[in-house]
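# Remarks on the overall topology
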Amino acid sequence: MPPASTGASTIVLDAAVPSAPVAAPPTVPDRLTPGGPGYRRMSFALFSAGIATFALLYSTQALLPAVSASFGATAGQASWTVSAATGVLALCVLPLSALSERFGRRQMMTASLSVAVVIGLLVPFAPSLGWLIALRAVQGAALAGLPASAMAYLAEEVRPKALVAAIGLFVAGNSIGGMSGRILAGWIAQLWGWRMALGAIGLLAVVCAVVFHFMIPTARHFSPSSLNPKALAKTVTGHLSDPLLRRLYAIGALFMTVFGAVYTVIGYRLVEEPFGLPQGVVGSIFLVYLVGTASSAAAGRLVGRLGRRGALYLAVSTTAAGLLLSLADQLAAVLAGLVLITAGFFAGHAVASSSVSRTATTGRAQASALYQSAYYLGSSAGGTLGAVAFHAGGWGGTVALGVLAVLGVLSITLFGTRAARTERLRAASPAPVHN
């Protein structure tokens, strides 16, 4: 009787019988790395997507006075053309990131950018303020599919040692888009009106979307998962129960609180005495975003030299120094302060967001989506609280709010440093010997 099969493979050694060729296991493509094939295309594609995202998201911010005049609206009513986009983005980023787990990061980014660009071309033709706000809300919902999916795409396709630098380039694209959208809109609106300005931003986004579509490499390390609300809730709960991820979400929100407060209020300060700058010159202040482009791109080198927490300490110190320097009544000192605040913010944001992608081993899109939600909630809180602090205590009140937020980042980072040191000591201590 032949032996019963155990289910294990049997190897027969017989010189007379030629062995069948053994198929080699499928090779897994290497992840993208600087200097390697595809990395430059990927970086340029996501840089372009970052430009389009922030140019569209904040396209009406520099045009609010013109929008108010056109529709006979108050400043508060016109501001909803910005708040609707950012608020709906914060609400939609998590569910759209879940869709990217099923349909793919590249597909989600492409679809999101395409819809946002189409809406961007329709926005200039809005017949009323209500329609303009509604279109901007839809545009914010569309854009929500891009940031978290981009972070997850990078975490899956780029080698871990190059991840901070890659995300830094994406964040740098955000800063270029935020800057160029505001400045371009301001100057075009002064010459031809706010509708032409929004049309120009829409065309800029079209160019960026085309570049993204043809340059982004196909994902090689993505594994689709089914859409399961219970599994999604479990994943989100798991991320929120992770102490490190919670700290990173808080750091992103607090950094953005500083940035939102400063750039919401700085225009009011510069048009008042002792500066008295014209509105066009105040709008050009957003050129300082170029500093953020450089600091975001340099975040990878900072982490390589100082470590992640060391880079965060440097970002905190730079931001705090900028806040204090901006208290002076000399324009040069205020501008220098803005440079430091911007450099510190973008460096800290790049380090924190890349740390989220590296920390989450599963559900990366949801982990990044939670960071993005915290980030945009920080922006909203900073803008509102910064304006309240300014009316209550002038620029000093806004700076005080920023310093409190920076101290929050410092406290969280110090706590993380202590926790990491305790963990290292525990791992290094010898195990107890039991008799």
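Since the structure is predicted, the reported quantities are computational estimates derived from the model, not experimental observations.

Parameters and conventions
- Residues numbered from 1 in each chain as written.
- Predicted model: local features only at pLDDT ≥ 70, side-chain atom pairs only at ≥ 80, totals over all residues.
- Heavy atoms only, no water.
- Helix = DSSP H or I, 4+ residues; strand = E, 2+ residues; numbered from the N terminus.
- Buried < 20%, exposed > 50% of the residue type's maximum accessible area, 1.4 Å probe, protein only.
- Areas by Shrake-Rupley, 256 points an atom, 1.4 Å probe, with all protein chains shown as cover.
- Phe/Tyr/Trp six-rings, centres within 6.5 Å; stacked < 30°, edge-to-face > 60°.
- Contact = heavy atoms within 4.5 Å.
- Patch = residues over 30% accessible without salt bridge, like charges linked within 9 Å, V, L, I, M, F, W, Y side chains within 5 Å.
- Salt bridge = Lys/Arg side-chain N within 4 Å of Asp/Glu carboxyl O.
- Lys, Arg positive; Asp, Glu negative; His and termini not counted.
- Charge placed at Lys NZ, Arg CZ, Asp CG, Glu CD.
- Axes fitted to C-alpha atoms, helices over the stretch in contact; angles between N-to-C directions.
- Parallel < 35°, antiparallel > 145°, perpendicular 65-115°, else oblique.
- Left-handed = near helix turned anticlockwise from the far one by under 90°.
- Nonpolar A, V, L, I, M, F, W, Y, C, P; charged D, E, K, R; others polar.
- pLDDT = per-residue confidence, 0-100.
- Core = buried A, V, L, I, M, F, W, Y, C linked by side-chain atoms within 4.5 Å.

Time to look at the overall build of the protein. A tally of regular secondary structure across the protein gives 16 helices and zero strands. Each of the 435 residues in the protein was classed as buried or not, and the buried ones make up 49%. As displayed, the protein has an accessible area near 20,400 Å², and 68% of this comes from carbon and sulfur atoms.

A few words on the packing of aromatic side chains. As enumerated under the stated definition, the model contains nine aromatic pairs in all. Look at Phe 259 and Phe 345: their rings are 4.2 Å apart centre to centre, the planes differ by 10°, and that puts the pair in the stacked class. Of this pair, Phe 259 sits in helix α11 (residues 243–271) while Phe 345 is found in helix α15 (residues 331–359), placing the two residues 86 residues apart along the sequence. One aromatic cluster is present, built from ring pairs that chain together Phe 259, Tyr 263, Phe 345, Phe 346, Tyr 371, Tyr 375 and Tyr 376.

Take the environment of Thr 60 next. Locating Thr 60 in the fold gives a position in the loop between α1 (39–57) and α2 (64–71). Spatially, the C-alpha atoms of Thr 60 and Trp 80 are 9.7 Å apart, while their sequence positions differ by 20 residues. Other than its neighbours up to four places away in sequence, Thr 60 contacts Thr 81, Val 82, Arg 136 and Leu 198.

For the rest of this paragraph, the subject is the side chain of His 239. With respect to the helices, strands and loops of the structure, His 239 is situated in helix α10 (residues 229–240). With relative accessibility at 6%, the residue His 239 sits in the buried group.

In this section: a positive patch on the surface. Taken together, Arg 309, Arg 418, Arg 421 and Arg 424 make up a surface patch of like positive charges. For the positive patch, the leading source of residues is helix α16 (residues 364–428), giving three residues.

Turning next to the environment of Ser 68. As for its placement among the helices and strands, Ser 68 is situated in helix α2. Exposure remark for Ser 68: the relative accessible area of 12% places this residue in the buried category. Once the C-alpha coordinates of Ser 68 and Leu 129 are considered, the two residues, 61 residues apart in sequence, prove to be 8.8 Å apart.

A word on the packing of helix α5 (residues 105–122) against helix α9 (residues 194–215). How two helices pack is summed up by the angle between their axes together with the distance between the axes. The geometry of α5 relative to α9 is characterised by a closest axis approach of 9 Å and an angle of 160° between their N-to-C directions. Our classification of the angle between α5 and α9 gives roughly antiparallel. Classified by chirality, the crossing of α9 by α5 is left-handed. Across from Arg 106, Met 109, Thr 110, Leu 113, Val 117, Gly 120 and Leu 121 in α5, the residues of α9 making contact are Leu 198, Gly 202, Leu 203, Ala 205, Val 206, Ala 209, Phe 212 and His 213. Of the residues that constitute the contact of α5 with α9, the class distribution is 10 nonpolar, four polar and one charged.

Residue-level pLDDT values for the protein average 80, and 88% of them are 70 or greater. Between the elements of the protein, mean pLDDT differs from a low of 65, seen in helix α3 (residues 75–78), to a high of 94, seen in helix α6 (residues 129–143). The low-confidence segment residues 1–28, where pLDDT is below 50, has one contact with residues more than four positions distant or belonging to other chains.

Before going further, it helps to examine the nonpolar core. Met 42, Leu 46, Leu 154 and Tyr 263 are the most contacted members of the largest nonpolar core, which has 118 residues in total. Setting aside anything within four residues of it in sequence, one finds Met 42 in contact with Leu 32, Tyr 153, Leu 154, Val 158, Ala 166, Met 215 and Pro 217.

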